[in-house]
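# Residue-level structure breakdown
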Amino acid sequence: MNGRGLERRLAPGELARSSYATLDLYEPGRAPVALDLSDNTNLAGVPPAASRLLAELTRPENAAVITRYPSLWAAELKEAVADYLGVPAASVATGCGSDDVLDSAVRAFSEPGERLAFPDPTFAMLPHLAATNALAPIAVPLTGSGLDVDVDGLLGAHARITYVCTPNNPTGTLAGGDAIDALLARADGLVIVDQAYAEYQGVQDGAPALARRAAVDGRLLVVRTLSKAFGLAGLRVGYAVGTPELVAAVDKSRGPYKIGRLAERVAVLALTEDRAWVQARAREVVEARGRFERELARMGRRPIPSEANFVLVPVEDAAAAGAALRARGIGVRPFRAAPGIGDALRISMAPWSILEPTLPVMTEVLRCAS
Ligand SMILES: *Cc1c(COP(=O)(O)O)cnc(C)c1O
């Protein structure tokens with residue numbers, strides 16, 4: 001017989017993977033609130049072409065969109081992503097949100113007990129993905145006043161998978177091109193670059209080029225999402241770009257039927273016909289971010305310069321400040337004792353017409369005593 005048999009009958013409390021005993025459900029604390037600035041989704045709404053199609057697809061004559069299974073591997077979505085980024089469709093994997101793509105990739109490219117290295121702080125799902133996939137998490141603090149990726153620290157982990165997020169959640173800072181070059185040149189295993197916020201990053205900063213590089217660099221997987229700038233978080237659509245070999249491994253790990261038919265149809269249209277809308281809204285958010293950062297400075301705060309649709313603002317007590325804002329109807333994401341930063345609030349950016357009315361409350365809660 002193959003595999004390892006049990007040596008004794010397990011108690012019900014022992015049936016789950018042993019590492020799950022100390023693992024909490026992912027729960028970032030998002031109780032309903034009048035204005036939710038906690039999750040970096042697009043507060044300008046659903047893109048127009050996507051919105052029109054959604055209304056059409058929910059009519060009774062389109063019932064098959066709901067009653068029938070979707071396509072196995074979301075081939076049309078792969079084509080649409082490929083066209084959006086200028087890569088071959090064989091270089092695109094998709095998933096139920098980029099969380100699912102990341103989870104599939106982590107499972108595909110590592111064995112239990114190996115290492116998953118990532119900067120700290122970064123996307124809160126990383127330690128969680130390490131735990132659910134029985135990997136050892138290696139958190140490497142960002143370094144210096146620029147909160148740079150510690151390339152030597154990450155390489156020193158000799159991890160099976162090295163993850164970098166750029167612009168980074170929650171700091172909004174970029175991993176420099178040099179850092180990514182060095183990781184690709186010297187990492188022992190796979191390098192995953194999460195570009196969830198690429199649409200907010202200046203074009204000259206190389207975001208599209210990195211996705212195209214992933215199509216030919218056999219060590220690089222770029223992961224992106226339609227949950228942020230594209231305004232489709234509720235439909236759960238994410239994707240990865242890599243060589244056809246890497247993409248095939250992600251697809252094996254992911255399994256079939258992960259993109260719902262409704263989600264695929266709407267995502268394809270958004271990627272094709274809503275690009276200009278997405279770009280225009282992203283530009284507005286970048287401009288609103290500049291104004292909001294200046295307002296924070298006026299309150300005596302020093303927000304970390306951001307390249308994404310959120311800002312991270314160091315505060316004395318994130319839990320207290322977050323609760324005070326929440327009590328006044330504004331949800332933000334508190335971070336406790338982040339390496340190199342301390343306590344901080346991550347505040348999602350939005351059209352200025354949404355942010356401006358928050359300024360009296362922000363001032364009341366955030367103004368420095370001095
Ligand atoms: C929001 C976010 C995602 C997106 O997750 P989805 O599952 O696609 O909604 C991925 N990575 C980072 C860093 C994020 O902030």
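Nothing here was measured: the structure is a model prediction, and the numbers come from that model.

Basis of the calculations
- Residues numbered from 1 in each chain as written.
- Predicted model: local features only at pLDDT ≥ 70, side-chain atom pairs only at ≥ 80, totals over all residues.
- Heavy atoms only, no water.
- Helix = DSSP H or I, 4+ residues; strand = E, 2+ residues; numbered from the N terminus.
- Axes fitted to C-alpha atoms, helices over the stretch in contact; angles between N-to-C directions.
- Parallel < 35°, antiparallel > 145°, perpendicular 65-115°, else oblique.
- Left-handed = near helix turned anticlockwise from the far one by under 90°.
- Contact = heavy atoms within 4.5 Å.
- Nonpolar A, V, L, I, M, F, W, Y, C, P; charged D, E, K, R; others polar.
- Buried < 20%, exposed > 50% of the residue type's maximum accessible area, 1.4 Å probe, protein only.
- Pairing = 2+ DSSP bridges.
- Right-handed = clockwise from strand over helix to strand, strands pointing away.
- Lys, Arg positive; Asp, Glu negative; His and termini not counted.
- Salt bridge = Lys/Arg side-chain N within 4 Å of Asp/Glu carboxyl O.
- Polar contact = N/O pair within 3.5 Å; in protein donor to acceptor, adjacent residues only side chain to side chain.
- Phe/Tyr/Trp six-rings, centres within 6.5 Å; stacked < 30°, edge-to-face > 60°.
- Lys NZ or Arg CZ within 6 Å of the ring centre and 35° of its normal.

### Regarding unusual backbone geometry
Cis geometry marks the peptide bond from Asp120 to Pro121, where omega comes out at 5°. Turning to its location among the elements, Pro121 is positioned in the loop between β3 (115–120) and α5 (125–132). Omega for the bond connecting Thr166 with Pro167 falls within 30 degrees of zero, at -10°, which places this linkage in the cis form. The topology assignment puts Pro167 in the loop between β5 (161–165) and α7 (177–186).

### A closer look at the packing of helix α1 (residues 48–57) against helix α10 (residues 261–273)
Packing of α1 against α10 leaves a shortest axis separation of 8 Å and a crossing angle of 150°. With respect to α10, the element α1 is oriented roughly antiparallel. α10 is crossed by α1, and the crossing has right-handed handedness. Two secondary-structure elements touch here, α1 through Ala49, Ala50, Leu53, Leu54 and Leu57 and α10 through Leu262, Arg265, Val266, Leu269, Ala270 and Glu273. Looking at the contact of α1 with α10, its residues break down into nine nonpolar, no polar and two charged.

### Overview of the pairing of β5
A large share of β5 lies buried, amounting to five of its five residues. Residue alternation in β5 divides its side chains into two sets, Ile161, Tyr163 and Cys165 and Thr162 and Val164, and both sets are buried. Examined bridge by bridge, β3 and β5 share two bridges and lie parallel to one another. In the strand pairing of β5, Ala117 is matched with Thr162. Relative to strand β6 (residues 190–194), β5 is paired through five bridges, and the arrangement is parallel. The residue bridging Val164 from the neighbouring strand is Val193, located in β6. Taken together, β5, α7 and β6 constitute a β-α-β crossover, and its handedness is right-handed.

### Some details on the side chain of Arg254
Relative to the elements of secondary structure, Arg254 occurs in helix α9 (residues 244–254). Buried and unpaired, Arg254 has Asp251 as its nearest opposite-charge partner, separated by 4.5 Å. There is a polar contact of 3.1 Å between the side chain of Arg254 and the backbone oxygen of Leu72.

### Describing the pattern of salt bridges
Two side chains that carry opposite charge are able to pair once their charged atoms sit near each other. Tallied over the full model, the rule gives 13 salt bridges. The closest approach of N and O atoms between Asp100 and Lys258, which form a salt bridge, is 3.1 Å. Taken together, the residues Asp100 in helix α4 (residues 97–108) and Lys258 in the loop between α9 and α10 connect sequence positions 158 residues apart. Owing to a relative accessible area of 11%, Asp100 belongs among the buried residues under this scheme. Of the charged contacts, one joins Asp103 and Arg107 as a salt bridge, the two residues approaching to 3.0 Å between their closest N and O atoms. Highlighted residues: Asp103 and Arg107, both in helix α4, separated by four residues, approximately one helical turn.

### Regarding the packing of aromatic side chains
Enumeration over the complete set of coordinates arrives at three aromatic pairs. Judged by centre distance (5.4 Å) and plane angle (85°), the rings of Tyr84 and Phe230 are edge-to-face. You can see Tyr84 sitting in helix α3 (residues 75–85) and its partner Phe230 sitting in the loop between β7 (220–225) and β8 (238–241), a full 146 residues away along the chain. Relative to Phe310, the ring of Tyr197 lies with its centre 5.0 Å away and its plane at 80°, an arrangement referred to as edge-to-face. Residue Tyr197 is located in the loop between β6 and α8 (207–214), and its partner Phe310 is located in strand β9 (residues 310–314); the two are separated by 113 residues in the primary sequence. Geometry around Phe310 places Arg346 over its ring, the cationic atom sitting 5.9 Å from the centre.

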